[in-house]
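# Understanding the architecture of this molecule
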Amino acid sequence: GAGVSQSPSNKVTEKGKDVELRCDPISGHTALYWYRQSLGQGLEFLIYFQGNSAPDKSGLPSDRFSAERTGGSVSTLTIQRTQQEDSAVYLCASSGVLADNEQFFGPGTRLTVL
Amino acid sequence: GENVEQHPSTLSVQEGDSAVIKCTYSDSASNYFPWYKQELGKRPQLIIDIRSNVGEKKDQRIAVTLNKTAKHFSLHITETQPEDSAVYFCAASKGSNYQLIWGAGTKLIIKP
């Protein structure tokens, strides 16, 4: 595709349920990032994948959050036992061969936990 | 690790005036400094970046300056227009295989 895509665009779930958010990066991009952005706030780093290296998970807020990247392409962010404070926009970004290349962001998934 | 501080958090300027947003970084090994613009309800997009081998870079009404000695860099927007209203994020990176470290963002308001 032409850009980074994310699905679903909106997700409403009940407290305690698990959710999966998907990111399709730009083809050939080796780096993939997940961020969380609460309303009116900045970009909160969650996790970073770079090629075949072990992911940097230092930003994951709790063990309820996990992410994987299959085949170096598509990534899934999973939130288990969702809480109301998990409500936010989850943004995915990818970048080229060099990690300091431009990050291209997806449109985000707006998660609402009732 | 690297820490990036961004000021001010909110900036309101009259249309046509200039706006300056400043960022400082802590790791002297950082060598790449991009600026992203996020319009309301949209995704962040790169507007300009600078590498540590230059001190200034311009693109029409926007410019970025870098002071490696003081470890700070700034975004300058001249002749501001309503469409410049957005949140601007600075970031820093040590280059290949290092992720971007982001500032907290500046909400720029252009008053008509």
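So, a few notes on the structure that sits alongside this text. Everything quoted here is computed from the prediction, not taken from an experiment. (Residues numbered from 1 in each chain as written. Chains lettered and ligands numbered in written order. Predicted model: local features only at pLDDT ≥ 70, side-chain atom pairs only at ≥ 80, totals over all residues. Heavy atoms only, no water.)

### With respect to the state of the cysteines
Cysteine pairs can be linked by a disulfide, which is a covalent bond between their two sulfur atoms. All names here are of chain A. One pass over the full model with this rule turns up 2 disulfides over all chains. With a sulfur-sulfur separation of 1.8 Å, Cys23 is cross-linked through a disulfide to Cys92. Taking the sign of the S-S torsion, about -60° here, the bridge from Cys23 to Cys92 comes out left-handed. Residue Cys23 is found in strand S3 (residues 19-24), and its partner Cys92 is found in strand S8 (residues 88-95); the two are separated by 69 residues along the sequence. For Cys23, a relative accessible area of 0% puts it in the buried group. Classification of Cys92 as buried rests on a relative accessible area of 0%. (Disulfide = S-S within 2.5 Å. Helix = DSSP H or I, 4+ residues; strand = E, 2+ residues; numbered from the N terminus. Buried < 20%, exposed > 50% of the residue type's maximum accessible area, 1.4 Å probe, protein only.)

### As for the sheet that holds strand S8 (residues 72-77) of chain B
Residues and elements named next belong to chain B. The strand order S1-S3-S8-S7-S6 describes an open sheet built from 5 strands, whose pairing is antiparallel. Strands at the two margins of the open sheet, each flanked by one partner only, are strand S1 (4-7) and strand S6 (56-59). The mean angle between the axes of side-by-side strands here comes to 15°, regardless of whether they run parallel or antiparallel. Pairing between S1 and strand S3 (residues 19-25): 4 bridges, direction antiparallel. Note that in S3 the partner of Glu5 across the bridge is Thr24. (Pairing = 2+ DSSP bridges. Axes fitted to C-alpha atoms, helices over the stretch in contact; angles between N-to-C directions.)

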